[in-house]
Structure formats: structure tokens, C-alpha cells
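# A closer look at the structure
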Amino acid sequence: MATEKEVKKVNEPIKGMKQEDILSPWKIVIKRLKRNKLAMLGLTVVSIIALAAIFAPLLTPHTRDGVNLLNTNAKPNSVNWLGTDALGRDYYTRLLYGARISLTVGLVSTSIRIVIGVILGGIAGYYGKVVDGVIMRIADIFSCFPFIPIAITFVAILGPSIYNVMLVLGLLGWPGICRIVRGEILSLREREFMEAATALGISDYRKIIRHLLPNTMASIIVSATMGIASAILTESALSFLGLGVAPPIPSWGNMLSDAQNRYVLQHRWWLWIPPGLSIFVTVMSLNLFGDGLRDALDPRLKQ
Amino acid sequence: MAEVVDNIVYGDDLLVVNNLKKYFPIKAGILRRTVNHVRAVENISFTIKRGETLGIVGESGCGKSTTGRTLLRLLEKTDGEVFYNNQNIFELPKSEMRKLRTQMQIVFQDPYSSLNPRMTVGEIVGESLREHGLAKGKEVSERVQEVIEKCGLAPYHIRRYPHEFSGGQRQRIGIARALALNPQFVVCDEPVSALDVSIQSQILNLLMDLQEDMGLTYLFISHDLSVVKHISDRIGVMYLGSMVELAGKNELFDNPLHPYTQALLSAIPIPDPKLKRKRIILQGDIPSPANPPSGCRFHTRCPHVMPHCKTDVPEFKEAADGHYVACHLI
């Protein structure tokens with residue numbers, strides 16, 4: 001037991017403690033994130049790509065689908081910065097517009113995946129028993145579906161559009177994240193602080209939202225950043241099959257798949273390196289940012 | 001055991017436990033059928049008076065913690081009754097039970113796993129106030145500050161996370177969390193076992209001061225006899241899920257009647273190497289609670305075992321005034 005004197009002593013502000021030591025949790029997260037150089041680099045790159053996609057018309061003198069049959073397969077030069085494709089369209093312009101599709105698909109489909117996965121995983125892990133059994137069997141069924149045939153059927157019914165691709169990716173992709181969240185919650189649920197929450201009369205909803213999910217944040221973020229990357233790539237596969245974006249609209253995925261023949265790979269490097277590099281840089285930056293965010297959100301890690 | 005309950009004067013007793021049982025099923029096979037039960041708590045009856053501290057001692061695995069958790073309804077009972085303020089808590093609907101939780105709280109053994117690592121101290125202590133609508137906005141932080149200061153922490157600790165504290169401080173946070181709701185009854189489930197000895201006494205004195213200030217009633221669970229002796233008014237001794245002896249602390253230490261209590265007391269170390277004392281060393285190991293011995297549960301290790309100990313369950317009866325014991329010798 002601290003004596004009266006001791007209590008008084010700890011009440012006084014400690015020497016060298018500045019006002020910034022009493023920050024709100026969110027400010028602490030932002031401060032820690034800023035200190036992580038790699039994460040900030042990732043954030044900057046992703047922001048630049050996103051801004052480039054949004055302001056694409058302002059960044060290029062060419063139009064997206066402007067065909068010029070007199071200037072096909074041109075090498076990069078001062079007019080067409082990244083050359084032109086087989087129809088003479090400016091490749092740099094198409095890369096900028098392609099970013100719109102690829103980033104949207106990645107973000108939206110991953111958000112759908114996470115929302116479904118986290119809700120179902122949280123419920124399954126927290127309530128356990130029959131609820132858990134039912135949800136996890138549904139997840140098993142969903143992960144057993146052969147992805148491409150289901151996607152083809154789905155898009156055939158709803159019509160090929162980029163929104164349907166996002167929906168398919170989201171609706172079929174949730175079992176992975178669901179399983180991760182459920183597993184973590186199963187183990188967290190048995191911790192003593194959950195028993196304390198029960199003893200305090202905290203409602204189930206708040207127990208899941210305030211106690212369990214914040215503790216699973218690390219794996220959700222890692223899984224989400226990985227998910228964006230794989231969604232961008234899957235979109236390219238679907239576009240290749242004619243299920244994603246319709247031909248004149250570019251996406252990084254279908255630009256890559258258009259370039260997939262030996263002649264192009266050997267002699268027209270500007271048709272496959274830029275979209276490939278764009279996907280790589282975007283995915284890499286998202287991963288770096290995700291890792292940084294995960295660390296910043298974990299109060300246990302030293303600053 | 002029935003007489004214990006019959007003798008109860010209800011006005012005095014905050015908590016009445018009557019033939020409480022808690023079994024955990026053992027499941028086996030593909031169909032996960034219940035093949036047996038772990039009889040963690042078997043027919044326990046006792047009462048706790050307002051403002052007193054009842055200590056419960058016993059070896060690990062004897063059902064002390066299960067008892068504590070079952071009578072807060074953190075675990076559902078198998079059989080029996082628990083009356084809190086004359087209300088049978090197992091008959092209350094979920095919403096009523098949540099309201100009652102503001103009055104009965106628990107302090108846990110492990111100060112590391114019992115605090116959510118992602119919440120600040122302010123959130124941990126203040127959460128229940130918001131949840132039960134007992135305070136709003138600024139009142140919450142005022143109340144939190146008041147409670148943590150009472151528990152020997154400083155106001156600037158409010159924004160810190162649990163990992164920034166030492167074990168003793170974390171235990172203070174756990175106590176502050178339990179006391180934020182202004183409860184009447186607190187189960188202390190080995191609150192000092194995970195702390196080193198110098199911190200143990202600080203926490204024990206804090207608990208005793210708070211009891212005086214707030215008029216708290218404690219159920220104090222421990223395996224450490226000297227700790228229990230320091231803090232308790234009455235002490236119950238448990239062995240393999242049953243209570244074998246219950247008496248005032250001085251009565252229990254001066255005049256232990258049950259052979260198990262006698263053995264337990266003879267094991268307390270004396271800080272004087274010259275002093276020799278007769279140690280009662282029990283033979284064998286503690287039997288499995290899944291398959292407890294017939295008759296008296298202690299008969300396999302009792303130095304005074306008699307033939308009928310193996311068949312008849314001894315009654316938990318009053319041997320002297322307020323001194324209950326379950327043994328055929330008495």
C-alpha cells in the first residue's frame with residue numbers, strides 16, 4: 001500500500017514529462033506511424049498512385065482510347081512516354097487509367113471480404129459450439145468452390161462489369177479471414193480479461209467490438225494488405241477471360257495479359273514492364289504501410 | 001449439511017451458499033459424448049456475513065477458484081443455490097443478473113492476463129461505468145481518477161497501457177476496475193499469488209484499507225495460509241472439491257479438528273531454524289476429481305482412517321460454536 005507521502009509524490013508531474021505524453025490513443029498511433037519511415041514511404045507511394053489515378057486526365061495530353069494506327073508499337077519517346085501498344089494507344093495514359101480499375105477492385109473487394117469475414121469470424125469464435133460449427137462449415141463450402149467457374153457463372157448471370165468482379169472477389173474470398181479471426185477470438189475468449197468483462201456486466205456486442213476485435217487487428221491488417229495484392233492479380237485473370245472490364249477499358253491486369261506472348265515479352269518490354277512494376281510497387285507499398293500500421297496499433301511495442 | 005442453512009440468520013448474511021455443485025463434463029469419442037464429470041465443487045455450503053472476509057484455502061485443483069467463479073455466476077452451477085441479498089442468483093434472468101453484477105466483483109490472480117492489453121487504464125476502469133450508465137462524459141473520468149487514486153495510482157496513469165506497469169501496479173488496476181462500480185462483495189481469487197512478497201503485503205493492506213473505507217465483503221481465495229490468516233475473519237479449508245472445515249481464523253489455527261487441516265497447518269514454515277515441530281506428512285497424491293474416493297474424500301490419505309470412512313460421507317456439522325467440520329472423528 002502506498003503511504004500518503006508516496007501517493008503525493010506520484011501525483012506530481014514527473015520531470016521531463018511533456019504535455020505530449022498525455023495524448024489520445026489515436027494521436028499516439030499517428031505519431032508512431034510517422035516515426036516508421038518505411039510505412040510512411042509506403043503510404044506516400046500509394047497516395048501518389050491513387051492521386052495519379054484520380055487526376056489521370058490532367059496528367060496526360062492523350063486520350064485513353066485514342067487509336068493511332070500509324071504509330072503502333074512505338075518505343076518510349078518524348079511524345080508517348082511509355083510507347084504505344086498494338087493499336088497505337090498511348091501506354092502511359094492507359095497505365096494511369098488502369099490504376100483506377102486496379103486500385104478500386106483491390107480496395108473494394110478487400111473491404112467486402114473483411115467485413116463479411118470479421119463479422120462471421122467474430123460471431124463463430126465468440127459464441128462457439130453450434131454457431132461456430134454452422135459458420136465454419138459454410139466457410140468450408142465457400143473455400144471449396146472452384147473460384148473461376150463460380151466467378152464465370154456469377155458474372156454470366158449479372159453481366160460482365162467491374163462491380164460484379166469486386167462482388168465476386170469479396171463474396172468468395174471471406175473464408176480465409178473468417179478463419180483467422182475465429183481462431184484468434186477462440187483463444188482470446190478464454191483470457192482472464194474476458195472473464196473480467198463478464199463479471200463487469202459488459203454486453204456481448206461490446207465484448208466483441210471493444211475487447212476481442214482490437215486484439216485481432218494485427219492479423220486482419222496483414223491479411224487485408226495481402227488481400228489487396230491478390231485481388232488486383234485475380235482481377236487481371238478475370239479480365240483475361242473477358243469477365244472483368246470490357247476491352248477498351250484498361251486495367252493493369254488486362255494490360256499484362258495482353259502482353260503475354262513471346263514476341264512481346266522479347267521485343268516490346270514497355271508493354272509488360274510498366275504494368276507489372278506498377279502492381280509490384282503498389283502491393284509492396286501497401287504491405288509496408290500495413291506492417292507499419294499494425295505495429296503502430298499495438299500498444300505493447302516500444303516506440 | 002442442511003442444518004447449516006437452517007441456522008442462517010438472513011439479515012446478517014450477504015451471501016448464502018447452499019449445497020453448491022459444479023461438475024465439468026469430460027467428453028470423449030467421435031460424438032463428443034459425456035463419459036464422466038470432473039467434480040470440481042461438491043456440495044459446498046457456507047455463508048458470508050456483511051463486511052467480513054471469508055478466506056478459502058486448499059491445494060491447487062481443489063476447487064477454490066471454481067467456487068469463487070460459480071458464485072458470481074461466471075460459471076453456471078450444476079446444482080445448489082447461491083443467495084445474494086436473499087436473491088437466488090441462478091434464477092435471475094440475464095438482464096437482472098447484469099444489474100446485479102455491479103454489486104459483486106472479482107479480482108483475478110494473474111495481473112498480466114486479466115487486463116486487456118489494447119485498452120488504456122482509463123478505459124479499463126471506466127468501461128463498466130459507461131456500460132451500466134452510472135456516469136456520463138466527464139463524470140466517468142472523474143470517477144475513474146477517484147478510484148485509481150484510492151488504489152494508489154496517479155491520475156496521469158489513466159492514459160497508460162497495462163504493459164507499462166509493474167505486476168503490483170497492474171494488480172492495483174485490477175482492483176480499481178472491480179471497485180469502480182462501488183460493489184459490496186468482491187471475490188479475490190488469489191490476488192497476491194503472482195506477486196513477490198514485498199508487493200503482496202502492499203496489496204493485502206490496500207485490500208484491507210478499502211474494505212474499511214467502502215464496507216466491502218470479501219471472499220478471499222488463496223493457497224497461502226499466512227496470507228489468509230492475515231486478511232480473513234473466518235477460514236474455510238477445501239480438499240478435492242469439498243469443504244472439510246470452516247471456523248474463525250484463530251479457532252482454526254489454534255484448534256484444527258480435521259486431519260487435513262492439521263496436516264496443512266503443520267506445513268507452514270516457521271522462521272526459526274531452532275524450533276522443531278512435528279510435521280504431518282500426508283501419504284500419496286491428491287486423487288483425481290473425476291473419480292473421487294467413496295465415503296470421505298480424504299480417506300485415502302488420512303492418518304486416522306477408519307473402516308466406515310470408506311463408505312459413509314461425513315456430515316459437515318458444527319463441532320463447536322461456529323466451527324464446522326466434516327469428519328467421522330468428531
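Residues numbered from 1 in each chain as written. Chains lettered and ligands numbered in written order. Predicted model: local features only at pLDDT ≥ 70, side-chain atom pairs only at ≥ 80, totals over all residues. Heavy atoms only, no water.

### With respect to the overall build of chain B
- What chain B contains, in helices and strands, is 10 helices and 12 strands.
- Over its C-alpha trace chain B gives a radius of gyration of 21 Å, about what one expects of a compact globule, namely 20 Å for 330 residues.
- The 330 residues of chain B split such that 55% are buried.
- Pairs at least 24 apart in sequence give 63% of the contacts found in chain B among residues at least 6 apart.
- Surface accessibility of chain B: about 14,400 Å² in total, with carbon and sulfur atoms responsible for 49%. (Helix = DSSP H or I, 4+ residues; strand = E, 2+ residues; numbered from the N terminus. Rg over C-alpha atoms; globule rule 2.2 N^0.38 Å. Buried < 20%, exposed > 50% of the residue type's maximum accessible area, 1.4 Å probe, protein only. Contact = heavy atoms within 4.5 Å. Areas by Shrake-Rupley, 256 points an atom, 1.4 Å probe, with all protein chains shown as cover.)

### Digging into helix H5 (residues 138-150) of chain B
Residues and elements named next belong to chain B.
- Between its first and last C-alpha, H5 extends 19 Å over 13 residues, near the 18 Å set by a 1.5 Å rise per residue.
- Within H5, the full set of buried residues consists of Val 140, Arg 143, Val 144, Val 147 and Ile 148. The buried residues of H5 all sit within an arc of 125 degrees when viewed along its axis, so they share a single face.
- Taken together, the buried residues of H5 touch helix H4 (121-131) and helix H6 (167-179).
- Once H5 finishes, Gly 152 follows within two positions and takes phi at roughly 85 degrees, a positive value. (Expected span 1.5 Å × (residues − 1). Arc of directions from axis to C-beta.)

### A word on the interface of chain B and chain A
- In this complex, chain B contributes 40 residues to the contact, which on the side of chain A involves 33 residues.
- Overall, the association of chain B and chain A removes approximately 3,500 Å² of surface from exposure, summing both partners, and the carbon and sulfur fraction of that is 54%.
- At the junction of chain B and chain A, the tally comes to 6 salt bridges.
- In this structure, the salt-bridge partner of Arg 206 of chain A is Glu 127 of chain B, at a minimum N-O distance of 3.7 Å.
- Our count for the chain B to chain A interface comes out at 15 residue pairs in polar contact (both at pLDDT 80 or more). (Buried area = accessible area lost by both parts, 1.4 Å probe. Salt bridge = Lys/Arg side-chain N within 4 Å of Asp/Glu carboxyl O. Polar contact = N/O pair within 3.5 Å; in protein donor to acceptor, adjacent residues only side chain to side chain.)

### Here we look at the packing of helix H5 (residues 91-127) of chain A against helix H6 (residues 129-144) of chain A
Residue and element names in this part refer to chain A.
- For the pair H5 and H6, the least separation of the axes is 7 Å and the interaxial angle reads 145 degrees. In the packing of H5 onto H6, the handedness of the crossing is left-handed. Counted together, Leu 120, Ile 123, Ala 124 and Tyr 127 of H5 and Lys 129, Val 131, Asp 132, Ile 135 and Met 136 of H6 form the full contact between these two elements.
- Looking at the contact of H5 with H6 residue by residue, the classes come out as 7 nonpolar, no polar and 2 charged. (Axes fitted to C-alpha atoms, helices over the stretch in contact; angles between N-to-C directions. Left-handed = near helix turned anticlockwise from the far one by under 90°. Nonpolar A, V, L, I, M, F, W, Y, C, P; charged D, E, K, R; others polar.)

### Let's talk about the sheet that holds strand S8 (residues 217-221) of chain B
All names here are of chain B.
- Reading across from one edge, S6-S7-S8-S3-S9-S10-S12-S11 is the order of the 8 strands in this open sheet, with mixed pairing throughout. Looking along the sheet, the strands with just one partner apiece sit at the ends: strand S6 (104-107) and strand S11 (316-320). Across the sheet, the axes of successive neighbouring strands diverge by a mean angle of 20 degrees, strand direction being ignored.
- Summarising the sheet, strand S3 (residues 53-57) and S8 pair through 4 bridges and their orientation is parallel. Across the sheet, Ile 56 pairs through a bridge with Ile 221, a residue of S8.
- Set on the sheet, H6 makes contact with S6 and strand S7 (185-189); between it and S6 the angle comes to about 175 degrees. (Pairing = 2+ DSSP bridges.)

### Examining the sheet that holds strand S4 (residues 79-84) of chain B
Residues and elements named next belong to chain B.
- Read across the open sheet, the 4 strands follow the order S2-S1-S4-S5; overall the sheet is antiparallel. Looking at strand neighbours, the two that pair on one side only are strand S2 (33-49) and strand S5 (87-88), the edges of this open sheet.
- Of the pairings in the sheet, the one linking strand S1 (residues 13-28) to S2 comprises 12 bridges and is antiparallel in character. Among the inter-strand pairings, Leu 15 is bridged to a residue of S2, identified as Ile 48.

### Describing the pattern of salt bridges
- Under the defined criterion, the tally for this structure stands at 28 salt bridges over all chains.
- The network of salt bridges with shared partners includes Arg 64, Asp 65, Asp 85, Arg 89 and Arg 94 of chain A.

### Considerations on the confidence of the model for chain A
- Averaged over chain A, the pLDDT score is 82; the fraction of residues at 70 or greater is 90%.
- Below pLDDT 50 for its whole length, residues 1-21 of chain A participates in 19 contacts with residues either more than four positions away or in separate chains. (pLDDT = per-residue confidence, 0-100.)

### A look at unusual backbone geometry
Residue and element names in this part refer to chain B.
- The backbone of Asn 85 sits at a positive phi, close to 50 degrees, despite the residue not being glycine.
- Counting through the fold element by element, Asn 85 comes out in the loop between S4 and S5.
- Non-glycine residue Glu 190 carries a positive phi angle of around 45 degrees.
- Counting through the fold element by element, Glu 190 comes out in the loop between S7 and helix H7 (197-214).
- The buried category is assigned to Glu 190, whose relative accessible area is 7%.

### Structural notes on the pairing of strand S9 (residues 234-239) of chain B
Residue and element names in this part refer to chain B.
- The element S9 is largely enclosed, with a buried count of 6 among its 6 residues.
- In S9, alternate side chains face the same way, and those of Arg 234, Gly 236 and Met 238 on one face and Ile 235, Val 237 and Tyr 239 on the other are all buried.
- Relative to S9, S3 runs parallel, the two being bridged by 4 bridges. For Val 57, the partnering residue across the bridge sits in S9 and is Val 237.
- Two strands pair when backbone bridges link them, and S9 and strand S10 (residues 242-248) are joined in this way by 6 bridges, in the antiparallel orientation. Each residue of the ladder has a partner; that of Arg 234, found in S10, is Gly 248.
- Here S9 folds back onto S10 in antiparallel fashion, the turn holding 2 residues, of which Leu 240 has a positive phi close to 50 degrees.

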